[in-house]
Amino acid sequence: MAGRRSLSGFLFLALILVNNDGCQAQDDIDIYELKRGNFSVKITNYGATVVSVFLPDKNGKLDDVVLGFDSVENYKNDSTYFGAIVGRVANRIGGAQFSLNGTLYQLVANEGKNILHGGPKGFSEVVWSVNEFKEDSHVKLTYQSFDGEEGFPGDVSVSVTYMLMQTNKLALKMEAKALNKATPVSLASHTYWNLRGHDSGDILSHNVQIYGSQITPVDDELIPTGKIVPVEGTPYDFMQSHEIGSMFDELPNGYDINYVLDNLKPGHLKKAAVVRDGVSGRRLELWTNAPGLQFYTSNKLGTVEGKGGFTYSNHAAICLESQGFPDSVNHPNFPSQTLNPGETYEHIMVYRFTAN
């Protein structure tokens, strides 16, 4: 408990950003590097996307541990959501529709009859403005989402701030304000992690622990059924750390499921997951204030030519997407994603990296 309070307090203090070297908002696409010592992160304002994260392993060797592309142009034709911020509502909404305050909203479907990650042109497919940038500190990106965009109601002001904390922590602060209509908002970071290096092969031998004792099961279109069920005794049980691939033979394709995070307290961060690669010794801790965590083992990559010409295949990385529950707008028993005018949506993630 003491550790949780300490991390949360430190983070919220760190989130009070002061920038005397601010950048003018602009619509040009560029890459911005945050760097402290041998820890560096590159962000592009196309999709507010994480392009690279360089970390030392247990021997001090640096590797890029996220999947992606060498050119910003490749992100424009990407269907994997490599590193992007997805929204206005992350994950899936069944039937690409929902009712809010007595009005039925029909969204733009982009996965069969459903909508995924905000639609054909969600937040991952737009150019964000860069409002603040300081190389050893942070970059803040903003986007103005308009009423009716992909079918969603109301104008929404959105910001994402990437921050380096010390020399081994990357924090994200995602904020949104509904300007004139109630609307669902749930943003997520869709970064693909391979702690052995983006070009090292699959992640089946990575060890994972997820602090969620329940999941929201889905139908054959990956739409939640509305139930919340325990993971104990199933292949989804990561309450104790074990290899990702150890129970793959009990699953049809791999993992792509939302975990209900345990013991989450409003205003506090919760340790959501720990990932470790035994070869490199790298370890990732994810802390968040979101109620859910989508655990995805890149089951649908197929073959994608990535950085350095390396071909990424299925299970080349994991995604740990803290989020609101998928399809919450159609399940009153799920935590609400509705944002009303005058309210502020705030989603915080902190990645802590070590190697030994």
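What you see is a predicted model, and the numbers here were worked out from it, not measured in a lab.

1. Some points on the overall build of the chain
At step 1: Each helix and strand counted, the chain has 2 helices and 29 strands in total.
At step 2: In terms of overall size, the chain behaves like a compact globule, its C-alpha atoms giving a radius of gyration of 19 Å where 356 residues would be expected to give roughly 21 Å.
At step 3: Each of the three principal axes of the chain carries a C-alpha extent, and together these read 60 × 55 × 45 Å.
At step 4: Across the 356 residues that make up the chain, the buried fraction comes to 56%.
At step 5: The long-range share in the chain, meaning contacts at least 24 apart out of those at least 6 apart in sequence, stands at 68%.
At step 6: Of the roughly 14,100 Å² of accessible surface on the chain, a fraction of 47% belongs to carbon and sulfur atoms.

2. Examining the side chain of Ser322
At step 1: Looking at the secondary structure, you find Ser322 in strand β27 (residues 318-323).
At step 2: For Ser322, a relative accessible area of 0% translates into the label buried.
At step 3: At 2.7 Å, the side chain of Ser322 forms a polar contact with the side chain of His347.

3. A look at the environment of Lys76
At step 1: For Lys76, the position within the fold is in helix α2 (residues 72-76).
At step 2: Considering only alpha carbons, one finds Lys76 and Tyr46, 30 residues apart in sequence, at a separation of 8.0 Å.

4. Regarding the nonpolar core
At step 1: By size, the foremost hydrophobic cluster in this structure holds 61 residues, and its most contacted members are Trp128, Tyr162 and Phe295.
At step 2: Apart from the residues lying within four places of it in its own chain, the contact partners of Phe295 are Val208, Ile210, Phe238, Ile244, Tyr255, Asp256, Ile257, Tyr259, Ile318, Cys319 and Leu320.
At step 3: Counting 15 residues, the second largest nonpolar core, distinct from the first, contains Tyr46, Val51, Tyr296 and Leu301.

5. Here's the deal with the pattern of salt bridges
At step 1: Throughout the structure, instances matching the rule amount to 12 salt bridges.
At step 2: Between Lys76 and Glu73 there is a salt bridge, with the nearest N and O atoms lying 3.1 Å from each other. With Lys76 and Glu73 both in helix α2, this residue pair falls 3 residues apart, about one helical turn.
At step 3: For Glu73, a relative accessible area of 48% puts it in the partly exposed group.
At step 4: Two residues, Glu346 and Lys173, come together in a salt bridge whose shortest N-O distance is 3.7 Å. One end of the pair, Glu346, is in strand β29 (residues 344-355); the other, Lys173, is in strand β13 (residues 169-178), with 173 residues separating them in the sequence.
At step 5: Given the relative accessible area of 32%, Glu346 is considered partly exposed.
At step 6: One network of salt bridges, in which partners are shared, links Lys271, Arg283, Glu285 and Arg352.

6. A short note on the sheet that holds β27
At step 1: Spatially, 6 strands are ordered β16-β27-β24-β21-β18-β19 in an open sheet, and the strand pairing comes out antiparallel. Here the strands that pair on one side only, and so sit at the sheet edges, are β16 (192-193) and β19 (229-230).
At step 2: When strand β18 (residues 214-216) meets β19, the two strands line up antiparallel, connected through 2 bridges. Among the inter-strand pairings, Gln214 is bridged to a residue of β19, identified as Pro230.

7. Some remarks on the UniProt feature "binding site: beta-D-galactose" (unreviewed entry) in the chain
At step 1: Annotation from UniProt places "binding site: beta-D-galactose" (unreviewed entry) at Asn91, Arg92, His190, Thr191, Tyr192 and Asp256.
At step 2: Tracing the sequence through the fold places Thr191 in the loop between β15 (188-190) and β16.
At step 3: Residue contacts for Thr191: discarding those within four places in its chain leaves Val50, Val66, Gly83, Ile318, Cys319 and Leu320.
At step 4: Reaching out from Thr191, the side chain makes a polar contact with the side chain of Ser189 at a distance of 3.2 Å.

Rules used throughout
- Residues numbered from 1 in each chain as written.
- Predicted model: local features only at pLDDT ≥ 70, side-chain atom pairs only at ≥ 80, totals over all residues.
- Heavy atoms only, no water.
- Helix = DSSP H or I, 4+ residues; strand = E, 2+ residues; numbered from the N terminus.
- Rg over C-alpha atoms; globule rule 2.2 N^0.38 Å.
- Buried < 20%, exposed > 50% of the residue type's maximum accessible area, 1.4 Å probe, protein only.
- Contact = heavy atoms within 4.5 Å.
- Areas by Shrake-Rupley, 256 points an atom, 1.4 Å probe, with all protein chains shown as cover.
- Polar contact = N/O pair within 3.5 Å; in protein donor to acceptor, adjacent residues only side chain to side chain.
- Core = buried A, V, L, I, M, F, W, Y, C linked by side-chain atoms within 4.5 Å.
- Salt bridge = Lys/Arg side-chain N within 4 Å of Asp/Glu carboxyl O.
- Pairing = 2+ DSSP bridges.
- UniProt positions renumbered as here; feature names shortened; annotations may be inferred.

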